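# Observations on the model geometry
If you want the building blocks of each chain, they are given just below.
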Amino acid sequence: MDAALQSHLGSNQGGLKQYNENTIIGLLRQQGPLSKAEIARITHLTPQTVSLIFKRFISNNVVIQEEYIYGKMGQPSAPFSLNPEAAFSVGISIGRHQLDISLIDFNCKNLKQYSLRYEYPNVPVVLKKITQSLEKIFDYMSSEQKQRLVGIGIAQPDKLSKWAEVFGVDTNILSKWDDINIIDEIKVIAPQYEVSRMNDVPAACLAEMFIGNGNNHPNFLYIYFGAFIGGAIVLNGQLFNPDLKYTSSIGTIPINLGSGYKQLLEIASLNSLEQDLKKNGYDSKLLIMEKELPTEVQRMFDSWAEQALEGIKWSILSINSVINTNLVIFDGHLSENLLNEINLKLKNLLKDLKWEGTEPVSLEKGTIGINARAIGSAIIPFNNLYGLSQSTLLKKN
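Residues numbered from 1 in each chain as written. Predicted model: local features only at pLDDT ≥ 70, side-chain atom pairs only at ≥ 80, totals over all residues. Heavy atoms only, no water.

### Points about unusual backbone geometry
Positive phi outside glycine occurs at C108, with the angle close to 65°. Within the secondary structure, C108 is located in the loop between β4 (98-105) and β5 (110-117). Despite not being glycine, N236 has its phi angle at roughly 55°, a positive value. Inspection of the secondary structure assignment puts N236 in the loop between β9 (230-235) and β10 (238-239). (Helix = DSSP H or I, 4+ residues; strand = E, 2+ residues; numbered from the N terminus.)

Shown next, in the form of structure tokens:
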């Protein structure tokens, strides 16, 4: 069986109705329209179980029946696809330099998005923009659509209050993040909806899992180049322990620079590059623009990348020695051109590594890019309701 489909094995045991439904929803999102017979074959569920599930799906408008396919052996087949109007979700991504509020449908298509760029996340400014944007989103949605809005997800880095020195602002400004509970603040604005929170990089990884390259891989290490480098691990098509605060916190990995050790966070985060650009009179927005960089900016990027990717190379080897995922997917708040440069440089570095005692990894560039954390924040409620539970035993071949 294709490794990408192994995470879509179902179970016929009692009490796992929700798990089986979520397995099929995930499969339809990954593969596109499928017939009930194809779903039974891939999931190893009995045809009777699949038929019962689809009766519920059709009754609840979860799926849409496509046109019959003729010309194959046997009876004409009727493929089904997910109904984009079956459910909606809102995401709030509170970044160190940008705020995004997004509305997505059940296919994770971005329907509306409101953004605010800033030097640092000031609590009253952020809450005001969130309030205004949610009002606009709710006005945009019909009453029926609002009834099918399953929740609001928040993607936010940990310890925002600790980075005042990095941002060059008064500690009293960012310390206000310690005085509020962001979930409670959003519930005041939208009390009728469930609100849940996740670290920003695992949320970005969710976007890759649901609609990106990760959709085709059950196991991979995810790395995101943001203001601060971050990571996540996917095993059996599920985020590995996303609720544990420091799970997959690759930024803390110590890297030997010859003159001493530094954490990966210190050498591979975009913040250091952005600060260097600022000191030299350049706008960090150049890093996300799809055009050739000024010569001096390209030189600064190359210098940063040389040290950053050397650290990431050893981090990948270290992680792969403990959890062998065989695949690394990376993405970041960078232009496609710069992500392509990273892809080429990191592949060359990994190719020269000695992999004794473990297996070499493949490297893929993510497909979501700059919007990964924003889309991922909106996917959090979908993952809560329709994701696969780590504790559920999968049926064996």
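Following the structure, the description resumes.
### Here's the deal with the sheet that holds β9
The five strands lie next to each other as β10-β9-β8-β13-β14, forming an open sheet whose pairing is mixed. Looking along the sheet, the strands with just one partner apiece sit at the ends: β10 and β14 (362-365). As judged from the five bridges shared by strand β8 (residues 220-225) and β9, these two strands associate in the antiparallel manner. If you follow L221 over to β9, its bridge partner there is I233. Against the sheet, helix α14 (residues 336-351) touches β8, β13 (327-332) and β14, its axis set at about 175° to β14. (Pairing = 2+ DSSP bridges. Contact = heavy atoms within 4.5 Å. Axes fitted to C-alpha atoms, helices over the stretch in contact; angles between N-to-C directions.)

### Brief notes about the packing of helix α13 (residues 295-322) against α14
In contact at an axis separation of 10 Å, α13 and α14 are set at 45° when each is read in the N-to-C sense. One finds that α13 runs oblique with respect to α14. Crossing hand, α13 versus α14: right-handed. Residue-level inspection shows Q298, F301, D302, W304, A305, L309, E310, I312, K313 and I316 of α13 in contact with α14, the latter providing L338, E341, I342, K345, L346, L349 and L350. For the contact of α13 with α14, the residue count by class is eleven nonpolar, one polar and five charged. (Parallel < 35°, antiparallel > 145°, perpendicular 65-115°, else oblique. Left-handed = near helix turned anticlockwise from the far one by under 90°. Nonpolar A, V, L, I, M, F, W, Y, C, P; charged D, E, K, R; others polar.)

### Points about the side chain of N83
Residue placement: N83 occurs in the loop between β2 (80-82) and β3 (88-94). A distance of 2.9 Å separates the side chain of N83 from the backbone oxygen of N61, its partner in a polar contact. Among the polar contacts made by the side chain of N83, one reaches the main-chain amide nitrogen of E85 at a distance of 3.0 Å. When neighbours within four sequence positions are excluded, N83 is seen to be in contact with N61, V62, V63, I64 and F106. (Polar contact = N/O pair within 3.5 Å; in protein donor to acceptor, adjacent residues only side chain to side chain.)

### Here's the deal with the environment of R96
Relative to the helices and strands, R96 is located in the loop between β3 and β4. When sequence neighbours within four positions are dropped, the list of residues in contact with R96 reads Y118, E119, Y120, P121, P157, D158, L160, W163, F167, D200, A227 and F228.

### Regarding the packing of aromatic side chains
In the structure shown here, the tally under the stated rule is eleven aromatic pairs. Considering the side-chain rings of F54 and F57, the 5.5 Å spacing of their centres and the 70° angle between planes classify their relative orientation as edge-to-face. Within this pair, F54 and its partner F57 are both found in helix α4 (residues 47-59), separated by three residues, close to a single helical turn. We note that F54, like F57, is buried. Taking 5.5 Å as the distance between ring centres and 85° as the angle between the ring planes, the aromatic pair formed by F106 and F382 counts as edge-to-face. On the criterion of sequence distance, the pair formed by F106 in the loop between β4 and β5 and F382 in helix α15 (residues 372-386) is long-range, its members being 276 residues apart. For the pair shown, F106 and F382 are each scored as buried. In textbook terms, an aromatic cluster arises when at least three aromatic residues are bridged by ring pairs, as seen for F225, F301, W304 and F330. Above the ring of F106, the side-chain terminus of R29 is found at 5.1 Å from the ring centroid. (Phe/Tyr/Trp six-rings, centres within 6.5 Å; stacked < 30°, edge-to-face > 60°. Buried < 20%, exposed > 50% of the residue type's maximum accessible area, 1.4 Å probe, protein only. Lys NZ or Arg CZ within 6 Å of the ring centre and 35° of its normal.)

### Looking at the confidence of the model for the protein chain
On average, residues of the protein chain score 88 in pLDDT, and 90% of them are at 70 or above. Mean pLDDT in the protein chain bottoms out at helix α1 (residues 3-6), which sits at 47, and peaks at β3, which reaches 98. Below pLDDT 50 for its whole length, residues 3-7 participates in 15 contacts with residues either more than four positions away or in separate chains. Note on residues 390-397: pLDDT under 50 across the span, and 19 contacts to partners over four residues away in sequence or across chains. (pLDDT = per-residue confidence, 0-100.)

### Considering the pattern of salt bridges
The tally for this structure, following the rule as stated, stands at ten salt bridges. The residue R56 makes a salt bridge to E21 at a minimum N-O spacing of 2.6 Å. In this pair, R56 is assigned in helix α4 and E21 in helix α2 (residues 17-31), connecting sequence segments 35 residues apart. Taking relative accessible area as the criterion, R56 reaches 27% and is therefore assigned partly exposed. (Salt bridge = Lys/Arg side-chain N within 4 Å of Asp/Glu carboxyl O.)

### As for the nonpolar core
Nonpolar side chains tend to gather and get buried jointly when the protein is soluble and globular. Judged by nonpolar contacts, the single largest core of 47 residues is most densely connected at F54 and Y222. At eight residues, the largest contribution of residues to this core is made by helix α10 (residues 200-211). Here F54 is in contact with I24, L28, K36, I39, V63 and F80, once residues within four sequence places are set aside. Grouped together as the second largest cluster of nonpolar side chains are 40 residues, L273, L287, F301 and L346 included. (Core = buried A, V, L, I, M, F, W, Y, C linked by side-chain atoms within 4.5 Å.)

### Side note on the sheet that holds β4
Read from one edge to the other, the open sheet built from five strands follows the order β5-β4-β3-β6-β7, with strand pairing classed as mixed. Of all the strands in the sheet, the pair left with one neighbour each is β5 and β7 (195-198). Strand-to-strand twist of the sheet, defined as the mean angle between neighbouring strand axes without regard to direction, takes the value 15°. Pairing of β4 with β5 involves seven bridges; the strand directions are antiparallel. Paired with D100 across the bridge in β5 is S115. Taken strand by strand, helix α5 (residues 123-140) contacts β3, β4, β5 and β6 (149-155), and its axis lies near 20° from that of β4. Where helix α9 (residues 182-189) meets the sheet, its contacts fall on β3, β6 and β7, and the angle it forms with β7 comes to roughly 150°.

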